[in-house]
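# Analysis of the macromolecular model
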Amino acid sequence: MSKYALRRLIQMIPVVLGVTFLIYALVYALPGDPTAGKCGERPCSPAYVAEFRKTYNLNDPLPLQYVKYLGNVVQGDLGESQYGQPIRDELAERFGTTFKLGVVALVFEVVVGLLAGVLAALRRGGFLDNLVLVSTLFVIAIPVFVTGRALQLYLGVRAGLFPATVSFEPTWFELLLPGFVLGSTSLAYLARLMRTNLGDNLSADYVRTAHAKGLSTRRVVGVHALRNSMIPVVTFIGYDFGALLGGAIITEGIFNVPGVGQYVFRAINDRDGQVVVGTVTALVLVYLVANLVVDLLYAYLDPRISHD
C-alpha cells in the first residue's frame, strides 16, 4: 500500500506541472493591458507600469515566468494579489469556509443520494423508483443558479427558515441552504448511479446463491450487494469533492459566502492573474489528494483489487 501511495504521489507531479502551466499560460495570454483600471479612471504612470511588469516577471518569456513562479510555489509562496496581500494568507482565511461548505454539500450528497438510490433499487419499477428517477432528472435539468435563487427566495426570504445570506464567519447552520444548493446536482447523479449499480448487483448470480444458502435479505443487500456497488460510487464521491470545492463560485456568489470561489470570481473581474493561478494551483492539489484517498479505499471495499 505504501509503495502504491508513493507511486501515485510521483504520478501527481507531471499532472500538477501540466495543469498549472496551462492555467498560467491562459491567464497571462489574455489580451489587454494587465494594469488597466488599477489607477482609477486615469492611465497608470510609466513608472508604475514598469514596476508592475517587473514585480510579476511580465517582461520575461512565458516559460521563464512560469519557472520563476514554480520556484516560489515550491517554497510555499503563491505570490501577492495586486493589492499587496499574500495569496497564501487569503486562501488560508477563506479555504476553511469553502471546505465547510463542501463538507455540508457532500453530506447531503452522500446521505440523501445513497438513501434515494438504495430505495429506488430495492423497489425497482415501483412508486419510489419512479419518484427518484423523475425528481433527480428534474434537479439535473435546472441550473444551479436557478435552484439557488429559488430556495433563497422561498426558504430564506419568505419563509425565514434559513438565512438568505451568510455572515463573514458562517456557522454550520448558515451553510445548510447553500450547501444543499451546491450538492443538489451531484446528489441527483449519485442517486441514479447507486440505483443502477445496486440494481445490477441484486440480479447477479452471487446474490441468488447467497439467498439460496439461507442468508437474510438484510445481509445479502447490506454486506454483499451494497459493498460491491460502492466502488463506482466512491470514485464519483472522491472526484466530486474536489469539484465541489472548485465549483462553488456560483453558490458562494448567490449566498455571499466569503470563500475561495468568491475570491476567484473577484480576481477574474479585476484581472488579477496571480490570484487566479495561485488559487487554481491550490485547488488542483486538493483534487489530486482527494482522488488518491479514493484509490486507497478501493482495497477496503473490494479485497480483489491489489495495489501491489
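Reading the values: rules and limits
- Residues numbered from 1 in each chain as written.
- Predicted model: local features only at pLDDT ≥ 70, side-chain atom pairs only at ≥ 80, totals over all residues.
- Heavy atoms only, no water.
- Helix = DSSP H or I, 4+ residues; strand = E, 2+ residues; numbered from the N terminus.
- Buried < 20%, exposed > 50% of the residue type's maximum accessible area, 1.4 Å probe, protein only.
- Phe/Tyr/Trp six-rings, centres within 6.5 Å; stacked < 30°, edge-to-face > 60°.
- Lys NZ or Arg CZ within 6 Å of the ring centre and 35° of its normal.
- Domains from an automatic or database assignment.
- Contact = heavy atoms within 4.5 Å.
- Buried area = accessible area lost by both parts, 1.4 Å probe.
- Polar contact = N/O pair within 3.5 Å; in protein donor to acceptor, adjacent residues only side chain to side chain.
- Nonpolar A, V, L, I, M, F, W, Y, C, P; charged D, E, K, R; others polar.
- Arc of directions from axis to C-beta.
- Core = buried A, V, L, I, M, F, W, Y, C linked by side-chain atoms within 4.5 Å.
- Salt bridge = Lys/Arg side-chain N within 4 Å of Asp/Glu carboxyl O.
- Expected span 1.5 Å × (residues − 1).

## With respect to the environment of V15
Mapped onto the elements of the fold, V15 is located in helix α1 (residues 2-28). When its relative accessible area of 37% is taken as the criterion, V15 is described as partly exposed.

## A look at the packing of aromatic side chains
Evaluation of the coordinates by the stated rule reveals six aromatic pairs. Members of the aromatic cluster, connected to one another through ring pairs, are F21, Y24, Y66 and Y69. Between the NZ or CZ atom of K100 and the centre of the ring of W172, over which it lies, the distance is 5.0 Å.

## Things to note about the domain arrangement of the protein chain
Domain assignment breaks the protein chain into domain 1 (2-68) and domain 2 (95-301). Each of domain 1 and domain 2 has a C-alpha centre, and the two are 32 Å apart. Each partner contributes residues to the interface: domain 1 has 20 residues there, and domain 2 has 15 residues. Both faces considered, domain 1 and domain 2 share a buried interface measuring about 1,400 Å² in area, 72% of it formed by carbon and sulfur atoms. Per-residue buried area on domain 1 facing domain 2 is highest for R8, M12 and V16; these three make up 26% of the total on that side. There are zero residue pairs in polar contact (both at pLDDT 80 or more) connecting domain 1 and domain 2. A total of 13 residues in the side of domain 1 that touches domain 2 trace back to one element, the largest contributor, which is α1. Across the side of domain 1 that touches domain 2, the residue classes break down as 15 nonpolar, two polar and three charged.

## Considerations on helix α11 (residues 260-269)
Within the span of α11, buried status applies to V260, G261, Y263, V264 and A267. The buried residues of α11 all sit within an arc of 160° when viewed along its axis, so they share a single face. Of the residues one or two after α11, R271 is the one with positive phi, at around 55°.

## Here we look at the nonpolar core
Ranked by size, the top nonpolar core spans 48 residues in total, and within it M194 and V233 carry the most contacts. Put simply, the parts of the chain that give this core at least two residues each are α1, α3 (62-74), α4 (87-122), α7 (176-202), α8 (205-212), α9 (217-246), α11 and α12 (273-301). With 10 residues, the top contributor of residues to this core is α9. Split by domain, this core shows at least three residues from each of two domains, domain 1 (2-68) and domain 2 (95-301). In contact with M194, not counting residues within four places along its chain, are L114, G117, V118, G199, L226, S229, M230 and V233. Counting five residues, the second largest nonpolar core, distinct from the first, contains M12, V284, L288 and L292.

## Details of unusual backbone geometry
Here the phi dihedral of N256 falls at roughly 55°; this positive angle occurs in a residue that is not glycine. Tracing the sequence through the fold places N256 in the loop between α10 (249-254) and α11. Of the residues examined, N256 reaches a relative accessible area of 42% and is grouped as partly exposed.

## Some points on the pattern of salt bridges
Per the counting criterion, the structure on display carries three salt bridges. One salt bridge in this structure joins D60 and K68, with 2.7 Å as the shortest N-O distance. E90 serves as the salt-bridge partner of R94, at 3.2 Å between the closest nitrogen and oxygen. Placement of both R94 and E90 in helix α4 is noted, with a separation of four residues, approximately one turn of the helix. When its relative accessible area of 13% is taken as the criterion, R94 is described as buried.

## Some thoughts on the side chain of T185
The residue T185 is located in helix α7 in this model. Given a relative accessible area of 18%, T185 falls into the buried group. Once residues lying within four places of it in the same chain are set aside, the contact partners of T185 are V139 and V144.

## Some details on α3
In an α-helix, one full turn covers 3.6 residues, which means residues spaced three or four apart are oriented alike. Compared with the 18 Å implied by 1.5 Å per residue over 13 residues, the 18 Å span of α3 between its first and last C-alpha is a close match. Looking at the residues trailing α3, positive phi occurs at G76, about 85°.

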